[in-house]
Amino acid sequence: MQSRYFTINDFPQGTPGRELFELRETELPALAEGEVRIRNTWLSVDPYMRGRMSGVKTYIDPFVLGEPLEGAAVGEVIESRDARLSVGDRVRHMAGWRDIAQLPGDQVEPLPGIDVPEQAYLGVLGMPGMTAWTGLNRVAEMQAGDNVLVSAASGAVGSLAVQLAKARGGTVVGIAGSPEKLAWLESHGIEAVSYRDRDAGQLTEALQAACPEGFDIYYENVGGICLEAALNTLRTGGRIAVCGMITRYNAEGPTPGPGNLAMVLIRRLRMQGFIVFDHWADYPRFLDEVGPLVASGEIDYAETIEEGLERTPEAFLALFEGANTGKMLVRL
């Protein structure tokens, strides 16, 4: 059986170009004992993948030039030599960026039995949702009544973070860009603030107007002026959960830190980065808590969908243009 997959032909400097990605085809070998073959139906693209295109190891190994790229995917088992998995099982795994995946069965996870569309396990009930929950609950130690600020608040992670924070009862403010994203936040009862055409001082003023008493928690996805403005508006003893800093992912050289970093000292702030995979033992608890809320419609989620394997690079590159509301997905 043939498998089509994307690879990269170089490690890019700055924002990757479409020419970096090559669609190739290979003949899959016969299944070995313990392996499964999966027809992928949904692929995930995520900002962290940009770091894997750097050629250096960070918290995860870099992609290998010429080899299939990797990412979360959902699909159907079409052949199995693993006794735990049967033909027809719907599963999640990390062999994305391709149409047919072949891998050891112990790297494959049957989808949980919550009544949601299967692609939700790549978004609101997958790694992005778990990231939102972990940053708020495990890292920032959110309490009832906390005022929470979230950057990239209409993205895959931020859109759940604002809803989880809103359910705790404090003022929740989301930073976003486009009018459509701001409207989505407002429709969910979130104070929405635009970062566009503002410097850090102007963004600080807008955040102070949205939440005059200041924030207890800042959920960081962006960096840059968002971090600088957040440092100006956090209360004494505030907590910052650093999930990502997308403004620097395509930087071609060192990026300056915020000029007001002394606020960490003045306000006695705690700033902690985290990688969600270090907390994956909590995933069943996250599913128990959030899964029923998603199934019942109490937690909403948005998706931006590209159609067809060939559009996977376009879906990925669009993440750095702010083109997605909610989770960016590719439907095969």
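To be clear, the structure that these remarks concern was listed above.
Residues numbered from 1 in each chain as written. Predicted model: local features only at pLDDT ≥ 70, side-chain atom pairs only at ≥ 80, totals over all residues. Heavy atoms only, no water.

## A closer look at the nonpolar core
We count it as follows: Among buried residues, the Ala, Val, Leu, Ile, Met, Phe, Trp, Tyr and Cys ones that are joined through side-chain atoms within 4.5 Å form a nonpolar core. Residue burial is assigned from relative accessible area. The probe radius is 1.4 Å, only protein chains are included, and a residue is buried under 20% of its type maximum, exposed over 50%, and partly exposed in between. Contact criterion: two residues are considered in contact whenever any of their non-hydrogen atoms come within 4.5 Å of each other.
Membership of the largest hydrophobic core comes to 46 residues, with the highest contact counts inside it found for L125, L136, L185, F286 and V290. With residues near it in sequence (within four places) discarded, F286 still touches V124, L125, G126, G129, M130, W133, L160 and G291. One finds L203, L207, Y218 and A230 within the second-largest nonpolar core, a separate group that totals 22 residues.

## Some points on the environment of G14
Filter applied, for reference: In DSSP terms, a helix is any run of H or I states spanning at least four residues, a strand is any run of E spanning at least two, and both are numbered starting from the N terminus.
Following the sequence through the fold, G14 ends up in the loop between β1 (2–8) and β2 (21–27). Sequence spacing of G14 and Y249 is 235 residues, and the spatial spacing of their C-alpha atoms is 8.0 Å. Apart from the residues within four sequence positions on either side, G14 is in contact with R50, N250 and E252.

## Thoughts on the packing of helix α5 (residues 200–210) against helix α6 (residues 224–233)
Rules: For helices, the fitted line uses only the C-alpha atoms of the stretch in contact; every axis is such a line through C-alpha atoms, and the angle between N-to-C directions lies from 0 to 180 degrees. These descriptions rest on fixed angle ranges, namely under 35 degrees for roughly parallel, over 145 for roughly antiparallel, 65 to 115 for roughly perpendicular, and the rest for oblique. Each helix crossing is assigned a hand: it is left-handed if the near helix lies turned anticlockwise from the far helix by less than a right angle, otherwise right-handed if that turn is clockwise. Gly falls in the polar group here, along with every residue not listed as nonpolar (Ala, Val, Leu, Ile, Met, Phe, Trp, Tyr, Cys, Pro) or charged (Asp, Glu, Lys, Arg).
Contact pair α5 / α6: the axes reach a minimum separation of 8 Å and the direction vectors enclose 50 degrees. Classed by the angle they form, the pair α5 and α6 counts as oblique. Judged by the twist between their axes, the crossing of α5 over α6 is right-handed. Between α5 and α6, the contacting residues are A200, L203, T204, L207 and Q208 on the first element and I225, C226, E228, A229, A230, N232 and T233 on the second. Tallied by class, residues from the contact of α5 with α6 come to 7 nonpolar, 4 polar and 1 charged.

## Brief notes about α5
Basically, it comes down to this: Along the arc lie the directions from the helix axis toward the C-beta atoms. In protein, a polar contact means a hydrogen-donor-capable atom and an acceptor-capable atom, both N or O and within 3.5 Å, with residues adjacent in sequence counting only if both atoms are side-chain atoms; elsewhere, any N or O pair within 3.5 Å suffices.
Every buried residue of α5 is listed here: A200, L203, T204, A206, L207 and A210. In a view along the axis of α5, the buried residues occupy a sector of 165 degrees, so they form one face of it. Those residues of α5 that are exposed and aimed more than 90 degrees away from the buried face are E205 and A209. Against β8 (148–150), β9 (172–176), β10 (191–194), β11 (215–220) and α6 lie the buried residues of α5. Between the side-chain oxygen of the N-cap and the backbone nitrogen of G201 there are 3.1 Å, and the N-cap of α5 in question is D199.

## Here we look at the sheet that holds β9
To keep things clear, this is the line we draw: Between any two strands, pairing holds if DSSP finds at least two bridges.
Strand order across the open sheet formed by 6 strands is β10-β9-β8-β11-β12-β13, with parallel pairing between neighbours. Unpaired on one side and paired on the other, β10 and β13 (270–273) mark the two borders of the sheet. Here the average twist between neighbouring strands, direction ignored, is 15 degrees. Pairing geometry for β11 and strand β12 (residues 234–242), over 5 bridges, is parallel. Bridge pairing in β12 links F215 to L234. Taken strand by strand, helix α3 (residues 158–166) contacts β8, β9 and β11, and its axis lies near 170 degrees from that of β8. The strands that helix α4 (residues 179–187) touches are β9 and β10; relative to β10, the one it contacts most, it runs at about 165 degrees.

## Points about the pairing of β9
The condition is simple: Note on handedness: a clockwise path from strand one over the helix to strand two, with the strands aimed away from the viewer, defines a right-handed crossover.
Where burial is concerned, most of β9 is hidden: 5 out of the 5 residues are buried. What you see with β9 is no split at all: V172, G174 and A176 on one side and V173 and I175 on the other are buried throughout. In this fold, β8 hands off to α3, which returns the chain to β9; that crossover is right-handed. Summarising the sheet, β9 and β10 pair through 4 bridges and their orientation is parallel.

## Section: the layout of surface pockets
Test applied: In the cavity and pocket records, a cavity denotes points on a 1 Å grid over the protein atoms alone where a 1.4 Å probe fits but cannot get out, a pocket denotes an open set with protein on both sides within 12 Å along at least 5 of 7 lines, and lining residues are residues with an atom within 4 Å of a point. Grid points are joined across faces, edges and corners, and a volume is the space filled by probe spheres set on the points.
Approximately 630 Å³ is the volume found for the second largest pocket. Together, 31 residues line the second largest pocket, and A72, H93, M94, A95 and Q107 are the ones closest to its centre. Put simply, the parts of the chain that give the lining of the second largest pocket at least two residues each are β5 (90–93), β6 (100–104) and α2 (127–139). If you tally residues by element for the lining of the second largest pocket, the top one is β6, at 3 residues. The class makeup of the residues in the lining of the second largest pocket is 18 nonpolar, 5 polar and 8 charged.

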